[in-house]
Amino acid sequence: MTQPAIHSSLKESRTFAPPATFSANAHISTQSQYEQMWQQAKDDPAGFWGQMAQNLDWFRRFDTVMEGQMPNVKWFTGGKINVSYNCLDRHLKGARKNKAAIIWEGEPGDTRVLRYQDLHREVCKFANVLKKLGVQTGDRVTLYMPMIPELTIAMLACSRIGAVHSIIFGGFSADAVADRNNDAQAKVVVTADGGWRRGKEIPLKASVDESLNQSPSVEKVVVVKRTGGDVDMVPDRDYWWHDLMEGASTDCDPVQLDSEHPLFILYTSGSTGKPKGVLHTSAGYLLGTALTTKWVFDLKEDDTYWCTADIGWITGHSYICYGPLANGATVVMYEGAPNWPDEGRFWEIIEKYRVSIFYTAPTAIRAFIKWGNEWPEKHDLSSLRLLGSVGEPINPEAWMWYHRVIGQERCPIVDTWWQTETGGIMISPLPGVTSTKPGSCCRPLPGVVPDIVSRDGKSLGPNEGGLLVMRQPWPHMLRTLYGDHERFVKTYFSEVEGCYFAGDGARRDEDGYVWVMGRVDDVINVSGHRLSTMEVESSLVSHPSVAEAAVVGFPHEIKGEGICCFVTLKTGEGDESLKKELIQHVRHHIGALAQPDQVRFAASLPKTRSGKIMRRLLRDIAAGRESTQDTTTLEDLNVLARLRADEE
Ligand code: 7RM
């Protein structure tokens, strides 16, 4: 049966061409250069990727670029490579050895700078520490750490010896740590006494202790002293990082690993309770992150690059650690919250380090808008030349604010669509080439062949909403879900024949620009019309009083599904007249079809720790159901209780 297309009502006609000076100096600088690369990659993927792979340093060149078909593709077989070698050692041969690799700032204001040489030395030492603790090539190591340089050091140390890291975001509970340790059968956990967040200490080691009662595979724990808080150290199990590092040798040859050697597992929440262990491998992932960093962020030798994500999220893996370091970039890394000690912290950091490339998420941008322009206006943001967005569709009004207030109408914005599973950016503007449209992630990067299809796999025409799929494999795609290959095949490759299915709904406009409409689960069916909840949200956010909105469907006797809007305001509390106004606003903006049935004001919305609104939970609340959803990724557990209490 052909599923009806997703109805799209959001139309955006503003376009922004890249400044001529930006294009003139960009790595990819003309439309025809882009078109030619994209076409070549589509027609001859092996030729294209084989050529691109020359950007990496190999111990042994690969025999074959790609082998097999989706879902089971192997890349660069026969090749021998080491990811940490590519991120560090190769930069030590020239002037980069004294270049800052990481400029780090702790939340309390302490700072550290690690040059490429320093980072290399620390990585070699910690790799030797891991070996001494019994970690061998292929073993899994859990990293449950704050945003401190030791986290990057530990990642690269794992990759140096071929150990597989599994990073667990520092905000997760002991239970979540235990689940992930067990699933991965981790041998060693690296953690810290604690980390700083809004002036409070997050007691990481205490959670590890609790988790270890339930995860017998873990033999050793390494603890970084960060906060100086009290911790229990269990003899012969727990060791201080600084004690182990003291005697460690600075010599550690990188292990020559197969291209397909696993690099890391990263758990991401699934629609069932059990998180999915997305597995990435060495050469393909490294190539994808290195190239996309260069193309999308147009990285130059003298840039100061800052991605505000947490490393516990894929964005941090790919665009704080591997991609930028493979390019020899200078990366700013910040430990804490954007509103500590006040709402100007990010802008202060940009001014202080003269950040030139800034990459953040729509959820953060909406918070900045809510906090007011006076915060960025207090700081000199003239060092910025490029802005990025990731994690959710960016509402056009938030895009415009980012463009005007932060980019000062000078900086291109790259709205980058990708996923934990895709490893790196897939659909994004090229800042020197693409005329951007607010709210669209624009065109696929070279090597990415997306399509938008109906449930039965037919390509849809311009402006028809459907399922976003990939028709060709790419080197940095996930290889499996750890320990559950069947679930991998079922989740990503069984929806649409011969394609990778991303789980997102999207449309392509008449210029071939992609507009992601959110997860397909977030499509609601109102009187037989399939509407994207994201579009209703964007309409609400364009109202001057609204800070954020989350829209979900709920069972409705007449319409099938009704539209329920959870709304947070910039200031004050909502009343009946504002409710009516918002309903009219959406009706006027999108049409009668999208007129909300309910508007509920809330103090905050339930979000994952990476800032995505958890609409699944809101659906339960809107329907008045008890939730059976996995809440382990929820940032603020109290928010649910508050939302339920507000129902009356
Ligand atoms: C990088 C990341 C993936 C999901 C994805 C989308 C949504 C991410 C955008 C976006 C619209 C974007 N990985 N998403 N980026 N939607 N425009 N630029 O976020 O695995 O955590 O999430 O996020 O729904 O499927 S993720």
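Refer to the structure printed above.
The structure presented is a predicted model; accordingly, all values stated were derived computationally and were not measured. Note on numbering: residues in each chain are counted from 1, in written sequence order. Local features are withheld for residues below a pLDDT of 70 in this predicted model, meaning they are given only at 70 or higher, and side-chain atom pairs are given and counted only at 80 or more; totals for whole chains, interfaces and linings count all residues. Think of the side-chain values as coming from all heavy atoms in the structure, minus any hydrogens and water.

A. Structural context of the side chain of Ser-389. Only DSSP runs of H or I covering at least 4 residues are called helices, and only runs of E covering at least 2 are called strands; the numbering of each starts at the N terminus. Residue placement: Ser-389 occurs in strand E19 (residues 386–390). Here's how the labels work: a residue is buried when its accessible area is under 20% of the maximum for its type, exposed when over 50%, partly exposed in between, all with a 1.4 Å probe on protein chains only. Of the residues examined, Ser-389 reaches a relative accessible area of 0% and is grouped as buried. The contact criterion used is simple: two residues touch if any of their non-hydrogen atoms lie within 4.5 Å. Every residue in contact with Ser-389, bar those within four places of it in the chain, is listed here: Tyr-359, Thr-360, Pro-362, Ile-394, Val-414, Asp-415 and Thr-416.

B. Fine view of the site of the ligand. Around the ligand sit 17 residues, and of these Asp-415, Thr-416, Thr-420, Asp-504 and Arg-519 come closest. Polar contacts here mean pairs of N or O atoms no more than 3.5 Å apart (in protein, one a potential hydrogen donor and the other a potential acceptor; neighbouring residues in sequence count only if both atoms are side-chain atoms). In the environment of the ligand, a nitrogen atom lies 2.8 Å from a nitrogen or oxygen atom belonging to the backbone of Thr-416. To be clear on the numbers: accessible area is Shrake-Rupley with a 1.4 Å probe, and residue cover counts the displayed protein chains and nothing else. Bound to the protein, the ligand loses 94% of the 530 Å² it would expose on its own. When contributions to the shell around the ligand are tallied by element, the ones reaching two or more residues are helix H11 (314–326), strand E20 (413–416) and strand E25 (514–519). Of the residues that constitute the shell around the ligand, the class distribution is seven nonpolar, five polar and five charged. Throughout, near means a residue has at least one heavy atom within 4 Å of the molecule or strand. Residue polarity follows a fixed list, in which Ala, Val, Leu, Ile, Met, Phe, Trp, Tyr, Cys and Pro are nonpolar, Asp, Glu, Lys and Arg are charged, and the others, Gly among them, are polar.

C. Representation of helix H19 (residues 615–622) in the model. Among the eight residues in H19, eight count as buried, and that is most of the element. The complete set of buried residues in H19 reads Arg-615, Arg-616, Leu-617, Leu-618, Arg-619, Asp-620, Ile-621 and Ala-622. Of the residues trailing H19, Gly-624 is marked for its positive phi of about 70°.

D. Representation of the side chain of His-280 within the structure. Locating His-280 in the fold gives a position in strand E15 (residues 276–281). Side-chain polar atoms of His-280 contact the backbone oxygen of Thr-420, separated by 2.8 Å. There is a polar contact of 3.5 Å between the side chain of His-280 and the backbone oxygen of His-476. In contact with His-280, other than residues within four places in its own chain, are Pro-262, Leu-263, Phe-264, Tyr-285, Thr-420, Glu-421, Thr-422, Gly-423, His-476, Met-477 and Leu-478.

E. Up close: the environment of Glu-397. Looking at where Glu-397 falls in the secondary structure, it is placed in helix H15 (residues 396–406). In this structure Glu-397 comes out as partly exposed when scored by relative accessible area, which is 32%. Note: C-alpha distance between Glu-397 and Leu-540 (143 residues apart in sequence) is 10.0 Å. Glu-397 has contacts with Arg-14, Val-541 and Ser-542, leaving out every residue within four places of it along the chain. A polar side-chain atom of Glu-397 sits 3.3 Å from a polar atom in the side chain of Arg-14.

F. Local environment of the nonpolar core. The term nonpolar core refers to a set of buried residues drawn from Ala, Val, Leu, Ile, Met, Phe, Trp, Tyr and Cys, joined through side-chain atoms within 4.5 Å. Counting 136 residues, the largest nonpolar core has Phe-76, Leu-119, Phe-126, Phe-297 and Tyr-322 as the members making the most contacts within it. Apart from the residues within four sequence positions on either side, Phe-126 is in contact with Ile-153, Ala-154, Ala-157, Val-190, Val-222, Trp-241 and Met-245. By size, the runner-up hydrophobic cluster in this structure holds 30 residues, among which are Ile-103, Tyr-353, Ile-369 and Met-400.

G. Up close: the sheet that holds strand E7 (residues 164–167). The rule for pairing is simple: two strands pair if DSSP sees at least two bridges between them. If you walk across this open sheet you meet the eight strands as E12-E11-E8-E6-E7-E14-E15-E23, and the pairing is mixed. The open sheet has two edge strands with one neighbour each: strand E12 (238–240) and strand E23 (480–481). Interaxial angle, 0 to 180 degrees, is taken between N-to-C directions of lines fitted to C-alpha atoms, where a helix line uses only the stretch in contact. In the packing of H11 onto the sheet, contacts are made with E7 and strand E14 (262–268), and the angle to E14 comes to roughly 145°.

H. The sheet that holds strand E4 (residues 100–105), seen in detail. An order of E5-E4-E17-E16-E18-E19-E20 is seen for the seven strands of this open sheet, with the pairing classed as mixed. Each having just a single partner strand, strand E5 (111–115) and E20 make up the two edges of the open sheet. In this sheet, neighbouring strand axes are inclined to one another by 20° on average, regardless of whether the strands run parallel or antiparallel. Direction of pairing for E4 relative to strand E17 (residues 330–334): parallel, over a ladder of four bridges. Its bridge partner lying in E17, Glu-105 is registered against Tyr-334. Helix H12 (residues 345–353) contacts E4, E5, strand E16 (304–307), E17 and strand E18 (357–360) of the sheet and is inclined by roughly 140° relative to E4.

I. Geometry of the pairing of E19. Extensive coverage of E19 is indicated by the burial of five of its five residues. Here E19 runs beside E20; their pairing, made up of four bridges, is parallel. Counted as the bridge partner of Val-390 is Thr-416 from E20. Regarding topology, H15 serves as the crossover connection from E19 to the parallel E20, and that connection is right-handed. Seen with the strands pointing away from the viewer, any crossover whose path from the first strand over the helix to the second strand runs clockwise is right-handed.

J. Structural detail: the packing of aromatic side chains. Between rings of Phe, Tyr and Trp, where Trp is taken as its six-membered ring, a pair exists when centres lie within 6.5 Å; planes separated by under 30 degrees are stacked, by over 60 edge-to-face, and by other angles tilted. One pass over the full model with this rule turns up 34 aromatic pairs. Judged by centre distance (6.2 Å) and plane angle (85°), the ring pair of Phe-169 and Phe-172 falls under edge-to-face. We note that Phe-169, like Phe-172, is buried. When the centroid spacing of 6.5 Å and the interplanar angle of 5° are considered together, the rings of Phe-264 and Tyr-322 count as stacked.

K. Representation of the packing of helix H17 (residues 533–541) against helix H18 (residues 576–589). Running from amino to carboxyl end, H17 crosses H18 at an angle of 120°, the nearest separation of the two axes being 9 Å. In the crossing of H17 with H18, the sense of the turn from one axis to the other is right-handed. Side by side, H17 and H18 meet where Val-536, Ser-539 and Leu-540 of the first sit next to Leu-582, His-585, Val-586 and His-589 of the second. Per-class residue counts for the contact of H17 with H18 are four nonpolar, three polar and no charged. The hand of a helix crossing depends on one turn: near helix anticlockwise from the far one by less than a right angle means left-handed, and clockwise means right-handed.

L. Focus on the packing of helix H13 (residues 362–371) against H15. Between H13 and H15, the shortest axis-to-axis distance is 10 Å and the interhelical angle comes to 70°. It follows from the interaxial angle that H13 and H15 lie roughly perpendicular. For the pair formed by H13 and H15, the contact residues are Ile-365, Arg-366, Phe-368 and Ile-369 on the first element and Ala-398, Trp-401 and Tyr-402 on the second. Grouping the constituent residues of the contact of H13 with H15 by class yields six nonpolar, no polar and one charged. These descriptions rest on fixed angle ranges, namely under 35 degrees for roughly parallel, over 145 for roughly antiparallel, 65 to 115 for roughly perpendicular, and the rest for oblique.

M. Local environment of the pattern of salt bridges. By salt bridge we mean one thing: a side-chain nitrogen of Lys or Arg within 4 Å of a carboxyl oxygen of Asp or Glu. Enumeration according to the criterion identifies 40 salt bridges in this entry. Note that Arg-345 and Glu-105 form a salt bridge whose closest N and O atoms lie 2.8 Å from each other. Taken as a pair, Arg-345 in helix H12 and Glu-105 in strand E4 lie far apart in primary sequence, 240 residues in all. Side by side, Arg-345 and Glu-105 carry an identical accessibility label, which is buried.

N. Broad picture of the environment of Arg-609. Relative to the helices and strands, Arg-609 is located in the loop between strand E30 (598–601) and H19. Looking at Arg-609, the relative accessible area reads 22%, which means it is partly exposed.

O. Looking closely at the pairing of strand E27 (residues 529–532). Sheet topology note: the strand E26 (residues 523–526)/E27 ladder contains four bridges and is antiparallel. Looking across to E27, one finds that Val-526 is bridged to His-529.

P. Region of interest: H12. Listed as buried for H12 are Arg-345, Phe-346, Trp-347, Ile-349, Ile-350 and Tyr-353. Once H12 ends, the next one or two residues include Arg-354, with phi positive near 55°.

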